[in-house]
Amino acid sequence: MTGADVLLLALGAVAVGAGVLVVTTDQLVRAGLYLVVCLGAVAGLYLVLTAELVAWVQVLIYVGAVVVLLLFAVMLTRAPIGRSPDLNRPGLPAALIGGGAGLGLAALFADAFRWSAVDLPAPGTAESLGTELFRSWVLPFEVLSVLLLAALVGAIIVSRPDIGSRP
Amino acid sequence: MTTPAVYLAQDPTLADFGHDPWWISLIKVVAAFVFAVLATLLGVWFERRVVGFMQVRPGPNQVGPFGLLQTLADGLKMAFKEDILPKGADKVVYFFAPTISVICAVTALAVIPFGPMVSMFGHQTPLQVTDVSVAVLVILAASSMGIYGIVLGGWASGSTYPLLGGLRSSAQMISYEVAMGLSIVAVFMTAGTMSTSGIVAAQAGSDRSASLGGFEFFAPGWYAILLLPSFIIYFISAVGETNRAPFDLPEAESELVAGFMTEYSSLKFALFMLAEYVNMVTVSAVATTLFLGGWRAPWPISIWDGANSGWFGLIWFFAKVILLVFVFVWLRGTLPRLRYDQFMRLGWRVLLPINLVWILALAGIRVLQKENSDAVRWGIIGGALLVILLITLAWPDRRKQPPRPLQEQVNARPQGSFPLPPMDLVVPPSPRARRGVAQRQPANVGGGAPDVVDTTSTEEKED
């Protein structure tokens, strides 16, 4: 085991542990903060795998914007300090499905790769990522952008019921 | 520095990083941190003196020469004050929020190039803590993480004004982060790299000089000049990002007491102040690096080759940073605070579209530069002009519709809107004002009873 392996395992444990805490904690804003830790650990995983662009974009977008938006929404509606016992519902079916899917995927991957080692690909610099994205994957990229645009327009229409009723 | 060969400006490249012995790294980290703290101490003094000068008053001038130690005295006072923990606060988060703010503000300084390669105790090392190939993203990530300090501080205080301040700041910083990121995209496109030392080198590489009629003209390759719209948008969004006046809505005194730091006291309050000033210095340093040529000497001085070598870089860097900090203070001393909706409209409806169109135009220019044949080039330019013409002609008429009557507007509001106050309220004339007018009447004019200007006095109205 090299140092990178140990880091990888440790960061993975942090990510999984924080993820478990997100669903089990009964303090609303703390759950958001555990999500920050989880996403930060995933960014750390990317960094260990030398994908530095993806890692920092993960921090910038997910930690810096998405979770802040989540917290923003929580604070706009209600942001109780302390425990909210109504959050602590035993979601057994959801737990079964989630845990089953996670464990199943993990077993599948572990079984598929066994002890075969895969070399690290070239470092994920901005140049290599851009070349890949705009040479090999340009169509999925564009389709995704259209999808995001559609979601944006849809969100605006849903949130503004007065748009259609203007004379 | 004896041989001319050393005078060659030594641009650090990415390969120069990561070879320092640990103690040099430690020195650099400590130096960057000390710079941040010192900049805060001097920055607060500088701001108060400059604002005082603008408002024709002396400003702090008692503690130390020119009042230089005033901030130190304030900080000491802060440390000895009682640290109040509100009863309704979330204690852990309340404790960590100021720390998060400071850490994120200081982190960004790690990738700022302060100068070229220097000799430090016999080691050749760049005057920069570290550099990675995506250094600018690190800066952006650090500043976006800094939101947490403010949002969580506002929330954990368990009080209304801080919560409102935290809400405002999260919306504000997310909005202006978008504009800021997009303005830096233009720099990436022109420099072709995201490493900060690379961007400084790229700006030096795009210096142009032309001779016309015997005169040497020199155009510095600063991106502040080449990419002027990006620079302006970056600076505006930097002011929004650091919560400084005129965009200091999260801590607007007249609306929210002190916003997110209302409940904070003692050293935690001092940490928030530290974070604010370090942030101001950091965004100024980033602006210097990305747009103003970094540690390289400005033009008339840069004729002397030695200006760009060794420790001289620090002088030019600090001069540019101080200049930008002065602009921050100047803005605060000049402009009144924006209303929240005006501020959001500026971010989303002005800065963002201008930025996108500018990036598009810049990309077009870059493609044109690579195109060799003149016919294709002029074809593209003509096409672009045609598109602009068509858009201008087909632009929807912006003439204002005459406003509908008030009652109709009120009726057209969607279900669940805010309740409106009665529309026909009239402020009664103040009795005190009337008395003042009456007393100021000269005694010998008219000789009779004083003229009563307003016939409807308050007493009559109440009757």
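Cut-offs used in this document
- Residues numbered from 1 in each chain as written.
- Chains lettered and ligands numbered in written order.
- Predicted model: local features only at pLDDT ≥ 70, side-chain atom pairs only at ≥ 80, totals over all residues.
- Heavy atoms only, no water.
- 1 Å grid on protein atoms, 1.4 Å probe; cavity = no way out; pocket = protein on both sides within 12 Å on 5 of 7 lines; lining within 4 Å.
- Points joined across faces, edges and corners; volume = space filled by probe spheres on them.
- Helix = DSSP H or I, 4+ residues; strand = E, 2+ residues; numbered from the N terminus.
- Nonpolar A, V, L, I, M, F, W, Y, C, P; charged D, E, K, R; others polar.
- Disulfide = S-S within 2.5 Å.
- Buried < 20%, exposed > 50% of the residue type's maximum accessible area, 1.4 Å probe, protein only.
- UniProt positions renumbered as here; feature names shortened; annotations may be inferred.
- Salt bridge = Lys/Arg side-chain N within 4 Å of Asp/Glu carboxyl O.

### Remarks on empty space enclosed by the protein
Residue and element names in this part refer to chain B.
Here comes step 1: Per the stated rule, a full pass over the model turns up one cavity of 30 Å³ or more.
Here comes step 2: Taken as a whole, the largest cavity spans an internal volume of roughly 330 Å³.
Here comes step 3: Of all elements in the fold, only helix 4 (91–107), helix 5 (135–156), helix 6 (160–191), helix 9 (228–241) and helix 11 (266–291) reach the threshold of two or more residues within the lining of the largest cavity.
Here comes step 4: The residue inventory of the lining of the largest cavity, partitioned by class, reads 18 nonpolar, seven polar and three charged.

### Topic: the state of the cysteines
Here comes step 1: For the structure shown, the criterion picks out zero disulfides over all chains.
Here comes step 2: This cysteine, Cys38 of chain A, is not joined by any disulfide, and Cys104 of chain B carries the nearest cysteine sulfur, 18 Å off.
Here comes step 3: Its relative accessible area of 11% is what places Cys104 of chain B among the buried residues.

### Some words on the UniProt feature "transmembrane region" (unreviewed entry) in chain A
Residues and elements named next belong to chain A.
Here comes step 1: The residues that UniProt annotates with the feature "transmembrane region" (unreviewed entry) are residues 6–24, 31–49, 55–76, 96–117 and 137–158.
Here comes step 2: Segment residues 31–49 splits into 95% helix and 0% strand. End C-alpha atoms: 27 Å apart.
Here comes step 3: Between the end C-alpha atoms of residues 96–117 there is a gap of 32 Å, over a span that is 82% helix and 0% strand.

### Focus on the pattern of salt bridges
Residues and elements named next belong to chain B.
Here comes step 1: For the coordinates displayed, the defined rule picks out nine salt bridges over all chains.
Here comes step 2: In this structure, Arg337 and Asp248 form a salt bridge, with 2.8 Å as the shortest nitrogen-oxygen distance. Here the residue Arg337 occupies a position in the loop between helix 13 (312–334) and helix 14 (340–370), and Asp248 occupies one in the loop between helix 9 and helix 10 (253–256), the gap between them amounting to 89 residues.
Here comes step 3: Asp341 serves as the salt-bridge partner of Arg345, at 3.9 Å between the closest nitrogen and oxygen. Of this pair, Arg345 and Asp341 both sit in helix 14, four residues apart, roughly one helical turn.
Here comes step 4: Here Asp341 falls in the partly exposed class, since its relative accessible area comes to 34%.
Here comes step 5: Each of Glu47, Arg244, Glu276 and Arg332 takes part in a single network of salt bridges with overlapping partners.

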